[in-house]
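Chain residues, written in single-letter form:
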Amino acid sequence: MRQAKLWRYAIPMESGVVLRDRRLTQRQGLLVMLQQQDRQGWGEIAPLPGFSHETLAQAQQACVAWLTQWLAARPVAESRLPSVAFGLSCASAELAGELPLAGTWRSAQLCHGDPDALLLQLEEQETPCAKMKVGLYEAVRDGLQVSLLLEALPALQLRLDANRSWTLEKARQFARCLTPSQRARIAFIEEPCRTPAESLAFAAEWGIAIAWDESLREPVFQLQAAPGLTALVIKPTLTGSLARIQQQIHEAQRLGLQVIISSALESSLGLTQLARLAHWLTPQSLPGLDTLTLMRQQLVRCWPGCMLPLQDRETWTRIY
Ligand SMILES: O=C(O)CCC(=O)C1=CC=C[C@@H](O)[C@@H]1C(=O)O
Ligand SMILES: [Mg+2]
């Protein structure tokens, strides 16, 4: 006997979480639970405003349509909406016992808040790895800050993310603030420039490694190895089903590229599934999942060691 449930949730965010140009006061999404005999599988469907093309209402409609077919045991194709395909494929994989339980519970630490506190935290780590946003302020300011951080922590592995904000000239201004050995210590910059061509030109000019994030989701994008390109940052909620993600990871690995599984601000339910996915499919890479502290509550399952309270189920709205 098959059973399915669908709820809508909303989690309050820490004040001051800004995504692209909007302030995110709460994270909304859907929770799906599939049941068959004594087995259950859970999934989270949470389109990210400003990043996902689908709205939550569209995701809900697509999910209800999928569940109706699934309950009637009719063959059902994966949704064209990435967040829906991801959440439903996680629930199906859990139900089938196909998503291993072991997880990578360490992440590249996101740099925000008090810089002194951050330094202290990173100093305590044996192999410190951090991710810093750049491109929000003057490129020279970013360059000086990165240079200071690399000098303060000789063992630091630093990932940067410019979200395509620099012109080639701005990127050059940034790079000029670093010594050649500091440039070599940057693990990668995600999407430094406005276009992939400019980012590749920048990488070649300065010997600074780059990674694709936004580019991976462009309709005409073709993955190719290129000098300076070292990694792909995959956000499953923006990408699609587990099968699609596995395919993208295999393609990347065939080209010798590192893959970083990254958060699209999922709740603790989605994040713990991403940590399991990372352990399963990209065991060599530290994922980018350090976003739970931006939220005020956890959902369904707790992240190991996280002290945030679990949200009361009474607050969920049952949809199906
Ligand atoms: O990749 C990580 O380490 C954490 C996730 C992260 O940085 C992001 C998640 C979602 C939206 C963006 O603000 C941002 C990114 O641009 O990669
Ligand atoms: Mg990014």
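Everything below is about the structure printed above this text.
Residues numbered from 1 in each chain as written. Chains lettered and ligands numbered in written order. Predicted model: local features only at pLDDT ≥ 70, side-chain atom pairs only at ≥ 80, totals over all residues. Heavy atoms only, no water.

1. Quick notes on helix α5 (residues 168–176)
Okay, so step 1: Regarding α5, the residues found buried are Leu168, Ala171, Phe174 and Ala175. For α5, the angular spread of buried residues about the axis comes to 115 degrees, placing them on one side.
Okay, so step 2: The inward-facing, buried residues of α5 abut α4 (139–152), β8 (157–161), α6 (180–185), β9 (186–190) and α7 (196–206). (Buried < 20%, exposed > 50% of the residue type's maximum accessible area, 1.4 Å probe, protein only. Helix = DSSP H or I, 4+ residues; strand = E, 2+ residues; numbered from the N terminus. Arc of directions from axis to C-beta. Contact = heavy atoms within 4.5 Å.)

2. Brief notes about the coordination of the magnesium ion (ligand 2)
Okay, so step 1: Protein coordination at the magnesium ion (ligand 2) comes from Asp161 (OD), Glu190 (OE) and Asp213 (OD), with a distance range of 2.1 to 2.3 Å.
Okay, so step 2: In the primary sequence, the donor residues of the magnesium ion (ligand 2) line up as D-x28-E-x22-D. Placement of the pair is Asp161 in strand β8 and Glu190 in strand β9, with a sequence separation of 29 residues.
Okay, so step 3: Under the relative-accessibility criterion, Asp161 is labelled buried at 1%. (Donors = N, O, S within 2.8 Å, 3.2 Å for Na, K, Ca; no water.)

3. Details of α7
Okay, so step 1: Within the span of α7, buried status applies to Glu198, Ser199, Phe202, Ala203 and Trp206. What you see down the axis of α7 is that its buried residues fit within an arc of 140 degrees, all on one side. Opposite the buried face of α7, by more than 90 degrees, sit the exposed residues Ala197 and Ala204.
Okay, so step 2: Looking at the packing, one finds that the buried side of α7 touches α5, α6, β9 and β10 (210–212).
Okay, so step 3: Phi for Gly207, located one or two positions after α7, is positive at around 65 degrees.

4. Here we look at the layout of surface pockets
Okay, so step 1: Empty space within the largest pocket amounts to approximately 1400 Å³.
Okay, so step 2: Taken together, the elements giving at least two residues each to the lining of the largest pocket come down to β2 (18–19), α3 (115–124), β7 (129–133) and α4.
Okay, so step 3: When residues in the lining of the largest pocket are grouped by element, the largest group, six residues, is from α4.
Okay, so step 4: Taken together, the residues of the lining of the largest pocket break down into 23 nonpolar, 12 polar and 14 charged.
Okay, so step 5: Split by domain, the residues of the lining of the largest pocket number at least three in each of domain 1 (2–98 + 306–318) and domain 2 (109–293). (1 Å grid on protein atoms, 1.4 Å probe; cavity = no way out; pocket = protein on both sides within 12 Å on 5 of 7 lines; lining within 4 Å. Points joined across faces, edges and corners; volume = space filled by probe spheres on them. Nonpolar A, V, L, I, M, F, W, Y, C, P; charged D, E, K, R; others polar. Domains from an automatic or database assignment.)

Such coordinate-based values are descriptive only and should not be taken to indicate function.
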